[in-house]
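# Descriptive analysis of the structure
Below are the chains, spelled out letter by letter.
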Amino acid sequence: MTPGAGPEAPGVPAAGAPLVLRGRELGRGADGSVRGVVMAIVNRTTDSFYAPARLTDDAAALEAAHRAWEEGAEILDVGGVRAGVGPEVDEAEEVRRVVPFVARVRSALPDLVLSVDTWRSGVAREAIAAGADLVNDTWAGHDPELVEVAGTAGVGVVCSHTGGAAPRTDPYRVEYPAADAAGEGRDPRDGVLDDAVATLRRAAQRAVACGVPAASVLVDPTHDFGKNTWHSLHLLRRTQALAGLGHPLLVALSRKDFVGETLGLPPAERLEGTLAATALAAWMGARVFRAHDVRATRRVLDMVAAVRDEAPPRAALRGLA
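Overview of the structure.

How each quantity is defined
- Residues numbered from 1 in each chain as written.
- Predicted model: local features only at pLDDT ≥ 70, side-chain atom pairs only at ≥ 80, totals over all residues.
- Heavy atoms only, no water.
- Pairing = 2+ DSSP bridges.
- Helix = DSSP H or I, 4+ residues; strand = E, 2+ residues; numbered from the N terminus.
- Axes fitted to C-alpha atoms, helices over the stretch in contact; angles between N-to-C directions.
- Contact = heavy atoms within 4.5 Å.
- Buried < 20%, exposed > 50% of the residue type's maximum accessible area, 1.4 Å probe, protein only.
- Salt bridge = Lys/Arg side-chain N within 4 Å of Asp/Glu carboxyl O.
- Expected span 1.5 Å × (residues − 1).
- Polar contact = N/O pair within 3.5 Å; in protein donor to acceptor, adjacent residues only side chain to side chain.
- Parallel < 35°, antiparallel > 145°, perpendicular 65-115°, else oblique.
- Left-handed = near helix turned anticlockwise from the far one by under 90°.
- Nonpolar A, V, L, I, M, F, W, Y, C, P; charged D, E, K, R; others polar.

### Observations regarding the sheet that holds strand 8 (residues 217–220)
Strand order in this open sheet of eight strands is 8-7-6-5-4-3-10-9, and the pairing throughout is parallel. Since the sheet does not close on itself, it has two edges, and those belong to strand 8 and strand 9 (250–252), each with one partner. Ignoring strand direction, the axes of neighbouring strands in this sheet form an average angle of 25 degrees. In this sheet, strand 10 (residues 288–291) lies alongside strand 9 in parallel orientation, the contact comprising three bridges. Each residue of the ladder has a partner; that of Ala252, found in strand 10, is Arg290. Where helix 4 (residues 145–153) meets the sheet, its contacts fall on strand 6 (134–136) and strand 7 (156–160), and the angle it forms with strand 7 comes to roughly 155 degrees.

Laid out in structure tokens, this is it:
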């Protein structure tokens with residue numbers, strides 16, 4: 001049986017929904033194998049929380065895009081505004097940082113899927129015109145016109161969960177009480193999961209109603225955004241429930257604060273924790289992984305795919321030759 005072509009092996013969580021962008025299924029090999037999709041990060045900012053991702057110089061940013069492609073990324077996510085608190089960046093400046101670069105990458109790497117990380121519909125519209133294939137709305141529809149722009153253009157969109165937080169704000173004593181904490185078999189910490197599932201389901205339904213193809217609607221629990229570390233850890237352990245929403249599941253775990261706080265480490269030392277979280281999420285059905293470290297993430301996802309029996313080993317000679 002071709003890996004990835006049949007039912008899951010006993011004890012293996014169900015596979016997540018496939019992602020289709022630009023008319024092709026990402027992560028699917030010609031042999032039918034299935035591997036997680038790496039979304040590489042290029043931040044056109046001076047203040048991103050992880051310094052190596054700050055790529056304001058055009059040549060350095062383009063070099064990073066080429067390197068990401070060579071190391072196995074299928075998507076490049078381009079952002080022009082730091083997600084967290086920082087200096088104001090107006091729409092015109094965000095466009096200046098992002099749109100010309102999207103056009104350059106579209107020309108230089110025509111097979112690389114391009115994503116723009118923005119919550120502004122005006123930025124999304126211009127980025128799509130420059131060649132973007134996906135809009136990564138990390139602030140959960142704060143601009144309600146953004147998904148309409150994506151639907152009109154027929155590109156993909158990421159639906160996220162922030163618990164209602166406004167763009168570029170940090171959480172403070174946020175709570176997600178469980179609807180039925182005392183119910184049999186219920187984890188009292190599932191309030192954050194319930195809120196994420198309900199929010200993502202509504203957002204995905206609206207995206208489809210606006211014209212985005214269902215297989216091009218990604219859902220993202222958006223770890224850290226509007227959440228404390230306990231919330232993010234719980235969403236990670238409940239990845240399987242999120243993958244069950246029926247849309248490709250994106251997780252953005254790379255070097256995030258919940259990893260750092262769990263291990264007591266700064267961003268520069270969070271790779272191992274990120275990769276552990278990545279392996280767990282991939283095992284439980286996540287499909288797309290936003291990552292600073294493309295090569296390492298690619299290798300982790302390939303290993304998980306082989307254990308899940310969705311892709312064969314690169315070689316299998318031991319004991320045979």
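### Considering the pairing of strand 8
Of the two faces of strand 8, the one carrying Val217 and Val219 and the one carrying Leu218 and Asp220 are both buried. Note that strand 7 and strand 8 share four bridges and pair parallel. Each residue of the ladder has a partner; that of Val157, found in strand 8, is Val217.

### Description of the pattern of salt bridges
Where charged atoms from two side chains of opposite charge approach closely, those side chains can pair. Applying the stated criterion across every chain yields a total of 22 salt bridges. Put simply, Glu93 and Arg97 hold a salt bridge, and the shortest N to O gap is 2.9 Å. In this pair, Glu93 and Arg97 both sit in helix 2 (residues 91–108), four residues apart, roughly one turn of the helix.

### Observations concerning the environment of Thr278
When you line up the elements, Thr278 lands in helix 9 (residues 271–283). Owing to a relative accessible area of 4%, Thr278 belongs among the buried residues under this scheme. C-alpha separation for the pair Thr278 and Leu301, spaced 23 residues apart in sequence, amounts to 7.8 Å. The contact partners of Thr278, leaving out residues within four places of it in the chain, are Leu253, Phe289, Thr297, Val300 and Leu301.

### Quick notes on helix 1 (residues 58–70)
Counted at 1.5 Å a residue, the expected span for helix 1 with its 13 residues is 18 Å, and the 18 Å between its end C-alpha atoms agrees. Where helix 1 is buried, its residues touch strand 3 (37–43), strand 4 (75–79), helix 2 and helix 10 (294–307). The residue sitting at the N-terminus of helix 1 and contributing the capping side-chain oxygen is Asp57; that oxygen lies 3.2 Å from the backbone nitrogen of Ala59. Just beyond helix 1, the residue with positive phi is Gly72, at close to 115 degrees.

### Here we look at the side chain of Asp293
Locating Asp293 in the fold gives a position in the loop between strand 10 and helix 10. Since its relative accessible area comes to 18%, Asp293 is described here as buried. At 3.0 Å, the side chain of Asp293 and the side chain of Arg255 are in polar contact. With sequence-adjacent residues up to four places away left out, Asp293 is seen in contact with Tyr50, Ser254, Arg255 and Leu271.

### Let's talk about the environment of Phe289
Looking at the element boundaries, Phe289 is found in strand 10. The spacing of Phe289 and Ala15 is 274 residues in sequence and 15 Å in space, taken between C-alpha atoms. Among all residues touching Phe289, those that are not within four sequence positions of it are Gly36, Val37, Val38, Met39, Leu250, Val251, Thr278, Ala281, Ala282, Thr297 and Leu301.

### Description of helix 10
With 14 residues, helix 10 should reach 20 Å at 1.5 Å per residue; the first-to-last C-alpha distance of 20 Å fits that figure. By the burial criterion, the buried members of helix 10 are Val294, Thr297, Arg298, Val300, Leu301, Asp302, Val304 and Ala305. In this fold, the buried residues of helix 10 make contact with strand 3, helix 1, helix 9 and strand 10.

### Structural notes on the packing of helix 1 against helix 2
With their axes 11 Å apart at the nearest point, helix 1 and helix 2 run at an angle of 45 degrees to one another. Judged by the inter-axis angle, helix 1 sits oblique to helix 2. In this structure, the crossing between helix 1 and helix 2 has a hand that is right-handed. For the pair formed by helix 1 and helix 2, the contact residues are Asp58, Ala61, Leu62, Ala65 and His66 on the first element and Phe101, Arg104, Val105 and Ala108 on the second. Here the contact of helix 1 with helix 2 is built from residues that sort into six nonpolar, one polar and two charged.

By themselves, these observations are geometric and do not establish any function.
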